[in-house]
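Notes for the structure review
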Amino acid sequence: MQEFILASEQVDPPIDIVTYQQFVSNNDDISVEIRELKNSGAFIFVAFLLSTDAKHVLEEAAKGDNNLIGDKYVWLCSDGCAQTSLIKDEDGEIDAILSHRARGIIGTVPKGGHGDLFEEFLDQWENLDPNEFAGAGDRDINIFASHAYDCVYTLAHALHNLLLTNPNNITAFTLTEEIKTLNFTGLTGNIQFDVNGDRLPIYDIVNFVPGDDDDDDETNDIGLFPIGEFIGTLSKPYNDTYIEDGGDDDDNFIDFGVIRIDKDPVFFDGTTEIPSGKPAINYWSCHDGEEKTDETGIQVTIESPDGNDPDNIPITYECDQFIDCDNMSDEHWSCSPSYKITFLIFGIITCFLIFHVFIYIGFTIIFGFIFVRRTVKGISPVFLIMMCVAAIIGYASTFAWYGKPHTAACIFQPWLLSLSICFLISSLFSKAFRIWQIFKNPLKKTIISNQKLTLLVILLMIPCIFILILWTAFSTPQAKMVEFDDDDDEKSGSHYVCTTGGLTGEPGGIVFFSVMTAYIFVVLLFGVLCSFHTRNVEGTYNESSLIGYCVYNLTFLSAVIIPVYFVLRDDNPLAGWIIRTIGILYGFTATLVIQFWPRMWRVIVKDKCKNKVPNMKESHDVYTATGTNTGG
């Protein structure tokens, strides 16, 4: 046993021996040893046993509490138990229960007589008188008889050589050393010895397999059939002392021999499928979009959702409200709730909202630049278009949350959404700031061109961009596996989501999000102050109420949507996704509706597209305190 353990460490890859148990031969109680085998979790068992002890081991292993005999386990047996006696009762008859337990066992037995020399021996043995030579008279001899024959010849060859070379010094030592030098052909094949004095082994690899069920002969229910051969080769000692004292790498290399497998072994279940000792695995095939089962537990490699286009993922990822397959097949149409249905509905709504923004852009161009109307020109059409562009970007940003998380999409999420909100808020503020600057001193003519206001928008955008750069550099958003601890088992465990990476890790994302939110609210607050100071301005230019409505909507939206989203994103990811998307769509839509619908009603319905601004210098966009010379 110790030599087997030591040798198992020398092969590549090494054999992992998790436990080994020993007991006294013919011991009646081996329940403790078998229980240790069960508790080890091993599924391949190597038995160095005589057939009587092997019967006892198999009997104990087959008991219900142990259940180590079956489709999931492999038993390997040394030549002591790889004998037909393993499946025979005390009367030498094939036993059905023993045969059932031995199904699929793989063993090794010393190779018996074979070759031309053996055939010549059988010819002579068959013609001998059985009364003079017990057992003679036929060609059927015990497997160990040929080995005994070769043992005698080995000793004879060694003595013969010593008598010829050193007749006066025949001792146990010189005889042993001489045997190590022998190399001749016997009844069992080539006979040669290694430096330890062990014969280079030649073993048949045999397999206990069922016979032909249609055969009436009960002895054919199971058979011991050769499936291969092991031929030993010259090797160096592999004891601890030799390895420690050995010099170069060749001295420490152990060549155990050559294994030749001519036929796949048949295991307990009657197939050649290699057992795994593991239960069947249910998994989800991303590529095929269906649940599958690996009966062996080892044929299919279960992949993690963070891999490159994973296919076979744990079945627990199906309909768990986290998208784990690149093609989203794990969150299929029949899931309740379904990401695919949600994406379809919100995708249509978002596309419609993007389209409706172009109606506002067309209205602004027509009545703000081509057929100029006081109602549109007086509220800065350039900045109305800026707001429309911001809304288009904001709507489009929601698509960064569609599908399976990806690091690129995770980075785009804060950039697209933050820039669009900052752009929208900066445009609102600039409009309010222009009117405030013009009307804060009624007796002074104030000119604020579109170029100056555009510069103001850019200046307001710089802190936003700076925050995003720091966010990306130090708390880089990335897609990776994150451990979730949830009362719902389906949501517990690791899931592939967008989270914070970089230098800071998870807290950094929250910090930068808070800083960005605070900055946006500061800009909104200044917009409110500007609108408050211009509340008494002549109606055409008075936007305090409209901007106030916008600020109220955005503030209310943030106060409600942000905390609700953070509560839901882990417990109910799809609900969190819906809340966030509704918040984004509503925020931009409400702002545009407040800014455009009153003007569109006034110009198209009430004024019937009339009331062109008089005395307009098209080359200059300016406001005056009296309002007689206005610009965009």
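What comes next concerns the included structure. (Residues numbered from 1 in each chain as written. Predicted model: local features only at pLDDT ≥ 70, side-chain atom pairs only at ≥ 80, totals over all residues. Heavy atoms only, no water.)

1. Things to note about the overall build of the protein
Each helix and strand counted, the protein has 17 helices and 13 strands in total. Burial analysis of the protein (632 residues in total) assigns 44% to the buried set. Counting only contacts in the protein whose residues sit at least 6 apart along the sequence, the fraction spanning at least 24 positions is 65%. Surface accessibility of the protein: about 33,300 Å² in total, with carbon and sulfur atoms responsible for 59%. (Helix = DSSP H or I, 4+ residues; strand = E, 2+ residues; numbered from the N terminus. Buried < 20%, exposed > 50% of the residue type's maximum accessible area, 1.4 Å probe, protein only. Contact = heavy atoms within 4.5 Å. Areas by Shrake-Rupley, 256 points an atom, 1.4 Å probe, with all protein chains shown as cover.)

2. A closer look at the packing of aromatic side chains
Enumeration over the complete set of coordinates arrives at 15 aromatic pairs. Site record: aromatic cluster; members linked through ring pairs are Tyr339, Phe343, Phe346, Phe399, Tyr402 and Trp577. Cation over ring: Arg103 sits above Phe268, and NZ or CZ is 5.8 Å from the ring centre. (Phe/Tyr/Trp six-rings, centres within 6.5 Å; stacked < 30°, edge-to-face > 60°. Lys NZ or Arg CZ within 6 Å of the ring centre and 35° of its normal.)

3. Overview of the environment of Phe193
Position of Phe193 among the secondary structure elements: in the loop between strand S5 (189-192) and strand S6 (202-210). Among the residues examined, Phe193 registers a relative accessible area of 10% and is labelled buried. With 11 residues separating them in the primary sequence, Phe193 and Leu182 have C-alpha atoms 7.0 Å apart.

4. Describing the side chain of Glu33
In this fold, Glu33 is placed in helix H2 (residues 31-40). Of the side chains bearing the opposite charge, Arg35 lies closest to the buried Glu33, which forms no salt bridge; the N-O distance is 8.0 Å. Not counting chain neighbours up to four residues away, the residues in contact with Glu33 comprise Gln21, Gln22 and Phe23. (Lys, Arg positive; Asp, Glu negative; His and termini not counted. Salt bridge = Lys/Arg side-chain N within 4 Å of Asp/Glu carboxyl O.)

5. Looking at the packing of helix H10 (residues 339-370) against helix H12 (residues 381-397)
It is at 10 Å that the axes of H10 and H12 come closest, and there the two elements cross at 170 degrees. Put simply, H10 runs roughly antiparallel to H12. Between H10 and H12, the contacting residues are Thr350, Leu353, Ile354, His356, Val357, Phe358, Tyr360, Ile361, Thr364, Ile365, Gly368 and Phe369 on the first element and Pro381, Val382, Leu384, Ile385, Cys388, Ala391, Ile392, Tyr395 and Ala396 on the second. For the contact of H10 with H12, a count of residues per class yields 17 nonpolar, four polar and no charged. (Axes fitted to C-alpha atoms, helices over the stretch in contact; angles between N-to-C directions. Parallel < 35°, antiparallel > 145°, perpendicular 65-115°, else oblique. Nonpolar A, V, L, I, M, F, W, Y, C, P; charged D, E, K, R; others polar.)

6. Brief notes about the pattern of salt bridges
Per the stated rule, a full pass over the model turns up 11 salt bridges. With its nearest N and O atoms 2.9 Å apart, the salt bridge here joins Lys111 to Asp204. Of this pair, Lys111 sits in the loop between strand S3 (106-110) and helix H5 (116-126) while Asp204 sits in strand S6, and the two are 93 residues apart along the sequence. Asp204 matches Lys111 in its accessibility class, with the two residues each being buried. Of the charged contacts, one joins Lys292 and Asp288 as a salt bridge, the two residues approaching to 2.3 Å between their closest N and O atoms. Overlapping salt bridges bring together Lys111, Asp204, Glu229, Arg260 and Asp262 as one network.

7. Digging into the pairing of strand S10 (residues 290-294)
Note on strand geometry: in a regular strand, side chains alternate between the two faces of the sheet. Relative to S10, strand S9 (residues 281-285) runs antiparallel, the two sharing five bridges. Looking at S10, one finds that Asn282 is bridged to Thr293. (Pairing = 2+ DSSP bridges.)

8. Considering helix H7 (residues 172-180)
Because each turn of an α-helix spans 3.6 residues, side chains separated by three or four positions end up pointing in the same direction. Buried within H7 we find Thr174, Leu175, Glu178 and Ile179. Each buried residue of H7 sits inside an arc of 140 degrees when the element is viewed along its axis, so together they form one side. Of the exposed residues in H7, those oriented more than 90 degrees away from the buried face are Ala172 and Phe173. Contact partners of the buried residues in H7: helix H6 (143-165). (Arc of directions from axis to C-beta.)

9. Topic: the nonpolar core
In terms of nonpolar packing, the biggest core is built from 57 residues, with Tyr395, Leu592 and Phe596 touching the most fellow members. Of all the secondary structure elements, the ones that give two or more residues to this core are H10, H12, helix H13 (407-439), helix H14 (450-474), helix H15 (506-533) and helix H17 (573-606). Apart from residues lying up to four places away in sequence, Tyr395 is in contact with Thr350, Leu353, Ile354, His356, Val357, Leu585, Phe588, Thr589 and Leu592. Within the second largest apolar cluster, 26 residues are counted, among which are Leu37, Ala47, Val109 and Phe268. (Core = buried A, V, L, I, M, F, W, Y, C linked by side-chain atoms within 4.5 Å.)

10. Quick word on the state of the cysteines
Enumeration according to the criterion identifies four disulfides in this entry. Two residues, Cys77 and Cys81, share a disulfide whose sulfurs are 1.5 Å apart. A relative accessible area of 0% means that Cys81 is categorised as buried. For Cys319, the disulfide goes to Cys335, at an S-S distance of 1.9 Å. Here Cys319 and Cys335 share a disulfide; its torsion about the S-S bond, -70 degrees, makes the bridge left-handed. Note that Cys319 is positioned in the loop between strand S11 (312-314) and H10 and Cys335 in the loop between S11 and H10, a separation of 16 residues in sequence. A relative accessible area of 25% means that Cys319 is categorised as partly exposed. What links to what in the protein: the bonded cysteines, counted in sequence order, pair as 1-2, 3-5, 4-6, 7-8. (Disulfide = S-S within 2.5 Å.)

11. Points about the environment of Arg260
Looking at where Arg260 falls in the secondary structure, it is placed in strand S8 (residues 258-261). Its relative accessible area of 38% is what places Arg260 among the partly exposed residues. For Arg260, the residues in contact, after removing those within four places along its chain, are Ile227, Gly228 and Glu229. Among the polar contacts listed, one links the side chain of Arg260 to the side chain of Glu229, at a separation of 2.6 Å. One polar contact links Arg260 to Asp262, side chain to side chain, over a distance of 2.9 Å. (Polar contact = N/O pair within 3.5 Å; in protein donor to acceptor, adjacent residues only side chain to side chain.)

12. Some details on the sheet that holds S9
Strands sit in the order S10-S9-S11 across an open sheet of three strands; the sheet is antiparallel. Strands at the two margins of the open sheet, each flanked by one partner only, are S10 and S11. Going across the sheet, the axis of each strand differs from the next one's by a mean of 45 degrees, ignoring polarity.

13. Remarks on the side chain of Thr188
Along the chain, Thr188 turns up in the loop between strand S4 (183-186) and S5. What makes Thr188 buried here is its relative accessible area of 1%. A distance of 3.0 Å separates the side chain of Thr188 from the side chain of Arg199, its partner in a polar contact.

14. Brief notes about unusual backbone geometry
In this chain, Ser336 is followed by Pro337 through a cis amide linkage whose omega measures 0 degrees. Here Pro337 is to be found in the loop between S11 and H10. Phi at Asp309 is positive, roughly 50 degrees, even though this residue is not glycine. The topology assignment puts Asp309 in the loop between S10 and S11.

15. A word on the packing of H12 against H17
The N-to-C vectors of H12 and H17 enclose an angle of 160 degrees; their axes lie 9 Å apart at closest approach. Relative to H17, the element H12 lies roughly antiparallel. Note that H12 runs across H17; the crossing there is left-handed. Here H12 contributes Leu384, Met387, Cys388, Ala390, Ala391, Gly394, Tyr395 and Ser397 to the contact with H17, which in turn contributes Ile584, Leu585, Phe588, Thr589, Thr591, Leu592, Gln595 and Phe596. A per-class count over the contact of H12 with H17 returns 11 nonpolar, five polar and no charged. (Left-handed = near helix turned anticlockwise from the far one by under 90°.)

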